[in-house]
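# Tertiary structure, described
Chain by chain, the residues run as shown.
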Amino acid sequence: MLTGLTLTQARAGLAARKFSARELAQAHLDAITRLNPGLNAYITVLPEADVLASADAADARYAAGTAGIMDGLPIGVKDLFCTKGVRTTAASKMLADFVPPYESTVTANLLGAGAVFLGKTNLDEFAMGSANMSSAFGPTTNPWKRKGDDTTALVPGGSSGGSSAAVAAGLALAATGTDTGGSIRQPAAYCGIVGLKPTYGRCSRWGTIAFASSLDQAGPMTRSVADAGLMLEAMAGFDAKDSTSSNRAVPAFHKAVGKSVKGLRVGIPAEYRAPGLPADVLAMWEQGIAWLKAAGCEVVDVSLPHTRYGLTTYYIIAPAECSSNLARYDGIRFGMRKDAPSLDGVYEATRAAGFGQEVRNRILMGTYVLSAGYYDAYYLKAQKVRTLIKRDFEQAFETVDVLLTPTAPSAAFAQGENMDDPVQMYLNDIFTVPASMAGVPALSVPVGLNEAGLPLGLQVIGRHFDEETVLSIGGALEAAAGFTHIPSVHAGAGA
Amino acid sequence: MSLDLATTRRIAKLARIGLEENELEATRQKLNGILGWIDQLAEVDVTGVPPMVGTETETLRQREDKVTDGNCRDALLACAPETSGPFYTVPKVVE
């Protein structure tokens, strides 16, 4: 089944000419035609002729022996990456008709490695959300259903919910995501796939629509840990166009998977045993600890004392940066415009009509915490607490090599749940936000199903620029868990 | 700190988001709920702690002071919702 392969398997099949890139692309286009109307994982599907032309070019490179590391692999691209000549919406009415005249560095790197783009995947508007419910193009539905309940539509997580649903349902072999406070890892966990947020600076932010610039980081969403390593190799690398891009060499990340983890020290942060953590999540965490012990790791209790302030700090810093970044949507230079008699009137009418409620509220919150009289009490204070959060990680990594935690405090919830109280929605990111604040790499690996039959993920957090150890540990968890479940909505089922 | 209606109106003005009078109160309540939760940061002692600006993994670079991009006026104007010749258009700003 061509839609059920990992990148690694598909790459081997293409290299051995067992199937062509055209056949692989066609199988995915057919699956999208069949399942996307129900899932709404893609906002834009590329024209069939364009997808097949890219696949044919990949086939020609295989024939010529010049294939790149992602050659002929059909993937989805989160609709936050600017793609030249292809509409890029950020799931906002503001950019509903925006066709960028340039290609983001990450997608240019993937194209350079031979990847075949299938389309642009759905997300929360401007990547602000944890449920994919704030998309102006309608929510994405999780392909997983609760056992014995085919009618309740669940969220795929967010903000990269279209990417995670597409990969889980067989509508792409892998997809790009972006992560500001958990937007790769949490949807990966909710959909039973692998998601890697690299170290801040690994992947260029150039051409990715900005949300919170000191936190935004692109990363791969895949079906295996080795795939995440492979795809990150293609995405990462120095870019002079991003002032925060790292010029460190990009290692052969996929080779880190399968390496022995014997003797590695795994920290278990006491503060992540949050009160009210559901029993199924706790049990899965204990299971993960047992697996790593069996693989020869040394498990150590550690403390990250400022964990509980991670989310509150995030909800000052991210809105502050968002209010600044989103000031560019003025109705004049690109995007939507609503006419009014005065210039200020154009701004106000355009921004009221173009932004959805969550985006508006975050811009307003950011404007407030940056405004005269409140800057020190909120923004400056949050920046100082952020230093303490980062120090927590640095201290922990003096004694351990990685940290192991649950990815999210629950499995996927139903569409419409957690919608009334924003704080309740924000709590979904409680375990993912601290690593974002510190800028360290973090990986979510699917490790099992709960009693309702929904996937749960564990998170591995590592030192700055040490994705390799994170991937090695992730590979050990993957091998022990043997997670082979597929969701009830899948390209390979009932076809 | 709690947010009153006048402050809500002021930040909407600063952010150039045109909220209707009937939207202001609902917005005020939403933001107030979040602010009440954020106020727990007050209990953290940050005496002598420097603010973290960015993630500080790399030092900022300087590049040669020369043109690296440009000559793409038409491509950029093509993104604009409204143009007139080689110009963006705005409502009259000088009486």
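Preceding block: the structure.
Because the structure is predicted, anything quoted here is derived from the model rather than measured.

Another point: the overall build of chain B. Within chain B, the secondary structure is distributed over three helices and two strands. Ordered by position from N to C terminus, the α and β elements of chain B give α-α-α-β-β. Against the 2.2 N^0.38 benchmark of 12 Å for 95 residues, chain B shows a C-alpha radius of gyration of 22 Å, more extended than a compact globule. Seen through its C-alpha atoms, chain B measures out along the principal axes to roughly 55 × 45 × 25 Å.

Here we take up the overall build of chain A. Across its full length, chain A holds 15 helices and eleven strands. For chain A, whose C-alpha radius of gyration is 21 Å, the value lies close to the compact-globule estimate of 23 Å for 495 residues. If one aligns the C-alpha atoms of chain A with their principal axes, the spans along those axes are about 65 × 55 × 50 Å. Pairs at least 24 apart in sequence give 78% of the contacts found in chain A among residues at least 6 apart.

Each partner contributes residues to the interface: chain B has 43 residues there, and chain A has 56 residues. Taken together, the elements giving at least two residues each to the side of chain B that touches chain A come down to α1 (5-14), α2 (21-38) and α3 (73-77) of chain B. Broken down by element, the residue count for the side of chain B that touches chain A peaks at seven residues, all from α2 of chain B. Classifying every residue of the side of chain B that touches chain A by side-chain character gives 30 nonpolar, seven polar and six charged.

Right, let's get into the sheet that holds strand β1 (residues 42-45) of chain A. Residue and element names in this part refer to chain A. With mixed pairing, the eleven strands of this open sheet are ordered in space as β1-β3-β2-β4-β6-β5-β10-β11-β9-β7-β8. Two strands bound the open sheet, and with one partner strand each, they are β1 and β8 (298-302). Mean inter-strand twist for the sheet, computed between neighbouring axes without regard to direction, equals 30 degrees. Relative to strand β6 (residues 217-222), strand β5 (residues 194-197) is paired through two bridges, and the arrangement is antiparallel. Paired with G195 across the two strands is M221, which belongs to β6. Here helix α12 (residues 375-399) sits on the sheet and contacts β7 (265-269), β8 and β9 (402-406); the angle it forms with β8, its principal contact strand, is near 145 degrees.

This part covers the environment of M1 of chain A. As for its placement among the helices and strands, M1 of chain A is situated in the segment before α1 (7-15). Residues M1 of chain A and T180 of chain A lie 179 residues apart in sequence; the distance between their C-alpha atoms is 34 Å.

Residues and elements named next belong to chain A. Cis geometry is adopted by the peptide bond preceding S159, which originates at G158 and carries an omega value of 10 degrees. Following the sequence through the fold, S159 ends up in the loop between β3 (116-121) and α5 (161-169). Of note, N40 is a non-glycine position whose phi angle comes to about 60 degrees, a positive value. Along the chain, N40 falls in the loop between α2 (21-39) and β1. Of the residues examined, N40 has 21 C-beta atoms within 10 Å and is grouped as buried. Even without glycine at this site, A127 takes up a positive phi of about 65 degrees. On the secondary structure map, A127 appears in the loop between β3 and α5.

Attention now moves to the packing of α2 of chain A against helix α3 (residues 48-64) of chain A. Residue and element names in this part refer to chain A. Put simply, α2 and α3 touch, their axes get as near as 8 Å, and they point 155 degrees apart. Taken as axis vectors, α2 and α3 run roughly antiparallel relative to one another. α2 and α3 meet at a crossing whose hand is right-handed. Seen from α2, the contacting residues are A21, R22, L24, A25, Q26 and L29; seen from α3, they are E48, V51, L52, A55, D56, A58 and D59.

Residue and element names in this part refer to chain A. One finds I75, A169 and V460 to be the most contacted residues of the largest nonpolar core, which totals 164 residues. When residues of this core are assigned to their parent elements, the largest contribution, nine residues, is made by α2. If near-sequence neighbours (up to four positions away) are discounted, A169 is found in contact with L35, L39, A41, P143, P487, V489, H490 and A491.

What follows covers the packing of α1 of chain B against α2 of chain B. Residues and elements named next belong to chain B. Two elements in contact, α1 and α2, have axes separated by 10 Å at closest approach and are oriented at 95 degrees. Considered as vectors, α1 and α2 are oriented roughly perpendicular to each other. Here L5, T8 and R9 of α1 come into contact with α2, specifically with L24, E25, T27, R28 and L31.

All names here are of chain A. Topologically, G237 is positioned in the loop between α7 (225-235) and β7. Separated by 150 residues in sequence, G237 and R87 have C-alpha atoms that sit 25 Å apart. Each residue touching G237, except ones within four places of it in the same chain, is listed here: N109 and V250.

The subject of this paragraph is helix α8 (residues 279-294) of chain A. Residue and element names in this part refer to chain A. Here α8 is 16 residues long and its end C-alpha atoms lie 22 Å apart, about the 22 Å a rise of 1.5 Å per residue gives. On its buried side, α8 packs onto β7, β8, β9, β10 (442-449), β11 (455-462) and α15 (467-481). In the stretch just after α8, G296 is the one whose phi turns positive, near 100 degrees.

Our focus in this paragraph is the pairing of β6 of chain A. Residues and elements named next belong to chain A. For β6, a buried count of six out of six residues is recorded, marking the element as mostly surrounded by other parts of the structure. As defined by bridge partners, strand β4 (residues 174-179) adjoins β6 across five bridges and the pair is classed as antiparallel. Directly across from G177, in β6, lies its bridge partner G219.

Conventions used here
Residues numbered from 1 in each chain as written. Chains lettered and ligands numbered in written order. Predicted model: local features only at pLDDT ≥ 70, side-chain atom pairs only at ≥ 80, totals over all residues. Helix = DSSP H or I, 4+ residues; strand = E, 2+ residues; numbered from the N terminus. Rg over C-alpha atoms; globule rule 2.2 N^0.38 Å. Contact = placed C-beta atoms within 7 Å. Nonpolar A, V, L, I, M, F, W, Y, C, P; charged D, E, K, R; others polar. Pairing = 2+ DSSP bridges. Axes fitted to C-alpha atoms, helices over the stretch in contact; angles between N-to-C directions. Buried ≥ 20, exposed ≤ 12 C-beta atoms within 10 Å, placed from the backbone. Parallel < 35°, antiparallel > 145°, perpendicular 65-115°, else oblique. Left-handed = near helix turned anticlockwise from the far one by under 90°. Core = buried A, V, L, I, M, F, W, Y, C linked by C-beta atoms within 7 Å. Expected span 1.5 Å × (residues − 1).

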